[in-house]
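# Reading the structure
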Amino acid sequence: MISSCSQTPYPEICNSIVSSSPRSTHDGTNPLEFRGLALQANMEHAKRAHQLLLDMDLSALDERGKLAWADCVILSENTMNHLSSSLTSKDPTSFQDAQTWLSAAIANQQTCRNGFTEANLGSHLDSLPLMSTELSKFLCNSLAINKAAVTSVAPTSTSTLSSSSGGDRRRLLATSFPTWVSGATRKLLQISSIASLADVVVAQDGSGNYRTISGALSAYNKLSGDNKRFLIYVKAGVYQENVQIVYNMTNVMLIGDGIDSTVVTGNRSFQDGLTTYRTATFGMLFHPSPDYNFFICI
């Protein structure tokens, strides 16, 4: 277990944020307290970086540069969500999830950077705090501290999880569901005529409520509620569109007519004046909190 800054990849950075934190009372004797302190200091820095990003002068950016900036804002918000969820994960078995969230936070930085370098706007990188070397080092330290917690806290619990799920407790096995799938969702997935329960139907021939998946998702705010699954049945067809699921679209489930029957395809590219981040045919940006029921597509 890592219990002091000297054991982190970047001890100088660690010492600077721990010593400057108003919550800094750590004496090196409580590794879990140290994990929380490091994550909290990381969160405070990420919040400051996010505000500086929002205050950035965009007048010197072209349209693609502004898209890259907008991507960075989204990724910065997602990074803060990841850090928040890592902070609130008190159960040692959830530290494995935090490892994934922290890794994603590091990846967010590189994705943000890519948007500017691809557009030949590398000169603007120094003014973007989200991509600063220090923030990357902060995240790497937190990742190392959390990893040590995963391997040393409650070894019986973590080993049981690994042996029962092939080393990955989120893996969906043929005969069972992972622990994060609720009982109600398991029952729903086992219904053979699940398509008949759809809230909305998508069909290219006009026989459904919408002709596009994006159109059906636009009805989410109006039709979803009561913390129930928002079920969308997509009939057979080739849907040429770019679909975006954002993290406030919780409890969304898409059901198709099977592989090679219901197909989603898009042709966006960097050549269209977009950032690579915006070219995904089916893009999903989730809130990492375990309190949210994630998107399911079958």
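One can find the structure itself at the top, above this paragraph.
Reference entry: report on the structure contained in this document. As the structure is a prediction and not an experimental result, all values here were calculated from the model.

About the criteria used
Residues numbered from 1 in each chain as written. Predicted model: local features only at pLDDT ≥ 70, side-chain atom pairs only at ≥ 80, totals over all residues. Heavy atoms only, no water. Helix = DSSP H or I, 4+ residues; strand = E, 2+ residues; numbered from the N terminus. Buried < 20%, exposed > 50% of the residue type's maximum accessible area, 1.4 Å probe, protein only. Contact = heavy atoms within 4.5 Å. Areas by Shrake-Rupley, 256 points an atom, 1.4 Å probe, with all protein chains shown as cover. Disulfide = S-S within 2.5 Å. Pairing = 2+ DSSP bridges. Phe/Tyr/Trp six-rings, centres within 6.5 Å; stacked < 30°, edge-to-face > 60°. Lys NZ or Arg CZ within 6 Å of the ring centre and 35° of its normal. Axes fitted to C-alpha atoms, helices over the stretch in contact; angles between N-to-C directions. Parallel < 35°, antiparallel > 145°, perpendicular 65-115°, else oblique. Left-handed = near helix turned anticlockwise from the far one by under 90°. Nonpolar A, V, L, I, M, F, W, Y, C, P; charged D, E, K, R; others polar.

Turning to the overall build of the protein chain, a few remarks are in order. The helix and strand tally for the protein chain stands at 9 helices and 8 strands. Counting across all 298 residues of the protein chain, residues that qualify as buried make up 44%. Within the protein chain, contacts between residues at least 6 apart in sequence are counted, and of these 66% link residues at least 24 apart. A total of about 15000 Å² of accessible surface is found on the protein chain, and carbon and sulfur atoms cover 51% of it.

With that settled, the discussion passes to the state of the cysteines. According to the stated counting rule, one finds 2 disulfides in the structure shown. Sulfur-sulfur distance for the disulfide between Cys-5 and Cys-14 comes to 2.1 Å. Here the disulfide of Cys-5 and Cys-14 is left-handed, its torsion about the S-S bond being about -65°. Through a disulfide, Cys-72 is tied to Cys-112; the S-S separation comes to 1.8 Å. Because the torsion about its S-S bond is 100°, the bridge between Cys-72 and Cys-112 counts as right-handed. Of this pair, Cys-72 sits in helix α3 (residues 63–88) while Cys-112 is found in helix α4 (residues 95–118), placing the two residues 40 residues apart along the sequence. The exposure class assigned to Cys-112 is buried, which follows from its relative accessible area of 1%.

All right, on to the pairing of strand β3 (residues 237–240) then. Residues Gly-237 and Tyr-239 point to one face of β3 and are all buried, whereas Val-238 and Gln-240, pointing to the other face, are not buried. Both β3 and strand β6 (residues 262–265) contribute to a ladder of 4 bridges, which runs parallel. Bridging from a neighbouring strand, Gln-240 pairs with Thr-265 of β6.

Below, the discussion takes up the packing of aromatic side chains. Counted according to the given criterion, the structure contains 1 aromatic pair. Their ring planes at 85° and their centres at 5.7 Å tell us that Tyr-220 and Phe-230 sit as a pair that is edge-to-face. Placement of the pair is Tyr-220 in helix α9 (residues 220–223) and Phe-230 in strand β2 (residues 230–234), with a sequence separation of 10 residues. Given the relative accessible area of 1%, Phe-230 is considered buried. The lysine or arginine in question, Arg-35, covers the ring of Phe-95, its NZ or CZ lying 3.8 Å from the ring centre. Over the ring of Phe-270 we find Arg-64; its NZ or CZ atom is 3.8 Å from the centre of that ring.

Our focus in this paragraph is the side chain of Asn-42. Secondary-structure assignment places Asn-42 in helix α2 (residues 31–54). Accessibility expressed as a relative area gives 0% for Asn-42, which makes it buried. Apart from residues no more than four positions distant in its own chain, Asn-42 is found in contact with Leu-83, Leu-135, Phe-138, Leu-139 and Ser-142.

Moving on, we come to the packing of α2 against α3. When two helices pack together, their arrangement is given by the angle between their axes and by how far apart the axes lie. Taken N-terminus to C-terminus, the directions of α2 and α3 make an angle of 160°; their axes are 10 Å apart at the nearest point. On the basis of their axis angle, the class for α2 and α3 is roughly antiparallel. For the pair α2 and α3, the crossing hand works out as left-handed. Residues Arg-35, Gly-36, Leu-39, Gln-40, Asn-42, Met-43, Ala-46, Lys-47, His-50, Leu-53 and Leu-54 of α2 touch α3, and the partners they reach there are Trp-69, Cys-72, Val-73, Ser-76, Glu-77, Met-80, Leu-83, Ser-84, Ser-86 and Leu-87. Considering only residue class, the contact of α2 with α3 consists of 11 nonpolar, 7 polar and 3 charged.

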